[in-house]
Amino acid sequence: MTLTRAGRLRLHTQQLPGHGDAPTVVFLHGLVMDNLSSFYVTLAGPVARAGHPVLLYDQRGHGRSDRPPTGYDRDTAVADLAALLAALGLDRSPIHLIGNSYGGALALHTALVRPDLVASLVLIDAHLTGEWVEDMTDTLSVAALGLEDGRIPEQLASLGRRKEARLTAGADALLNRTTLIEDIAAAPAFTARDFARLRRPVLAVYGEHSELLPGARELARHAPDCELAVLPGVGHTVLKEATEGLRDAVLGRLGAMAGAVAG
């Protein structure tokens, strides 16, 4: 556990030792029910074995981190990350940020408002353009209504599905008793101008059937240093269903960055 100005953010791993002075790779998960175990299995382990220190944490309101009633906007998420890095002594050199889904949007926002913290970005099927804000808000609002009466966790628990009951109860608390939905609805969309002022290398990995791919193509058109990797046969499920292609793309990028620094 690490204290931040907002409370406690739960670390899922200690910083795993790498080789030499390789930048730390920090993983940012998506919203509400996103599960960091996929990062462990498909990416965090291989990245650590390749010699990079690795850090994963539950963001505000998620997992075992504190769930304050407010503060789910992008700026506060960046402030939480900066406070965590400072508490761990990792703010002295830039980090590599890897974000899945909404975590990718947070990674991009971090690079825009705190470029001093960031060495590079990997965005995994990230939400980038305006359409996703309305779609995401609608999806979360429907989910909140479905959980509002509080009976689903009890029903799951009665069936012996304790983990699902716990996750569902956490989702209910996050959606119905915090400002998460309102904060996401109020977030301004990223623009071509935002993409153009990125000053850090970006690798964007998307499924060929993802509804978010048009935003990634716009990012690739406007960002000064962006590689777009489109993985065949998958949609918004890259992390779970295109593990080899994603792993190879990420390790290739991190290796190229390390080689460039060494050279």
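Analysis parameters
- Residues numbered from 1 in each chain as written.
- Predicted model: local features only at pLDDT ≥ 70, side-chain atom pairs only at ≥ 80, totals over all residues.
- Heavy atoms only, no water.
- Helix = DSSP H or I, 4+ residues; strand = E, 2+ residues; numbered from the N terminus.
- Polar contact = N/O pair within 3.5 Å; in protein donor to acceptor, adjacent residues only side chain to side chain.
- Pairing = 2+ DSSP bridges.
- Axes fitted to C-alpha atoms, helices over the stretch in contact; angles between N-to-C directions.
- Contact = heavy atoms within 4.5 Å.
- Buried < 20%, exposed > 50% of the residue type's maximum accessible area, 1.4 Å probe, protein only.
- Right-handed = clockwise from strand over helix to strand, strands pointing away.
- Phe/Tyr/Trp six-rings, centres within 6.5 Å; stacked < 30°, edge-to-face > 60°.
- Lys NZ or Arg CZ within 6 Å of the ring centre and 35° of its normal.
- Expected span 1.5 Å × (residues − 1).
- Arc of directions from axis to C-beta.

Moving on, we come to the environment of Ser120. Looking at the secondary structure, you find Ser120 in strand β6 (residues 118–124). For the pair Ser120 and Arg199, spaced 79 residues apart in the sequence, the C-alpha separation amounts to 9.1 Å. In terms of polar contacts, Ser120 uses its side chain to reach the side chain of His96, at 2.6 Å.

Turning our attention to the sheet that holds strand β3 (residues 25–28). The six strands lie next to each other as β4-β3-β5-β6-β7-β8, forming an open sheet whose pairing is parallel. Only two strands of the sheet have a single neighbouring strand rather than two, namely β4 (54–56) and β8 (226–231). Direction aside, neighbouring strands of the sheet carry axes that sit 15° apart on average. Across four bridges, β3 lies against strand β5 (residues 95–100) in parallel orientation. What sits directly across from Val26, in β5, is Leu97. Packed onto the sheet, helix α3 (residues 102–113) meets β3, β5 and β6 and runs at close to 155° relative to β6. Relative to β8, helix α9 (residues 213–222) is tilted by about 155°, and along the sheet it contacts β6, β7 (202–207) and β8.

What follows concerns unusual backbone geometry. Non-glycine residue Ser101 carries a positive phi angle of around 55°. Positionally, Ser101 belongs in the loop between β5 and α3. Note on Ser101: relative accessible area 11%, which makes it buried. Located in the positive-phi region is Asp125, a residue other than glycine, with phi close to 45°.

Here the focus is the environment of Ala82. Tracing the sequence through the fold places Ala82 in helix α2 (residues 74–87). If sequence neighbours within four positions are ignored, Ala82 has contacts with Arg114 and Leu117.

Attention shifts here to the pairing of β6. In terms of residue burial, β6 counts as a mostly covered element, since seven of its seven residues are buried. In terms of strand pairing, β5 meets β6 through six bridges, oriented parallel. From the neighbouring strand, Gly99 faces β6, where its bridge partner is Leu123. Regarding the hand of the β-α-β motif, the stretch spanning β5, α3 and β6 is right-handed. In terms of strand pairing, β6 meets β7 through four bridges, oriented parallel. Note that in β7 the partner of Leu123 across the bridge is Ala204.

A few words on the packing of aromatic side chains. Between two aromatic rings, the relevant description is the distance of the centres plus the angle of the planes. Considering all chains together, one arrives at one aromatic pair under this definition. Consider the rings of Phe27 and Phe39, whose centres lie 4.9 Å apart with planes at 55°: the pair is tilted. Of this pair, Phe27 sits in strand β3 while Phe39 sits in helix α1 (residues 37–49), and the two are 12 residues apart along the sequence. Sitting over the ring of Phe190, Arg74 keeps its end group 4.4 Å from the ring centre.

Further remarks concern the pairing of β5. The element β5 is largely enclosed, with a buried count of six among its six residues. Every second residue of β5 is oriented toward a common face, with Ile95, Leu97 and Gly99 on one face and His96, Ile98 and Asn100 on the other, all of them buried.

Moving on, we get to helix α4 (residues 131–147). Since one α-helical turn is 3.6 residues long, residues separated by three or four positions face the same way. Relative to the 24 Å expected for 17 residues at 1.5 Å per residue, α4 spans 25 Å between its end C-alpha atoms, a close match to the ideal helical length. Those residues of α4 lying buried are Trp132, Val133, Met136, Thr137, Leu140, Ala144 and Leu147. Down the axis, α4 shows its buried residues gathered within 125° of arc, on one side only. For α4, the exposed residues lying more than 90 degrees away from the buried face are Glu131, Glu134, Thr139, Val142 and Leu145.

Below, the discussion takes up the side chain of Thr178. The topology assignment puts Thr178 in the loop between α6 (162–176) and α7 (180–185). Note on Thr178: relative accessible area 8%, which makes it buried. At 3.2 Å, the side chain of Thr178 forms a polar contact with the backbone nitrogen of Leu180. Excluding residues within four positions of it along the chain, Thr178 makes contact with Arg67, Pro68, Pro69, Tyr72 and Ala173.

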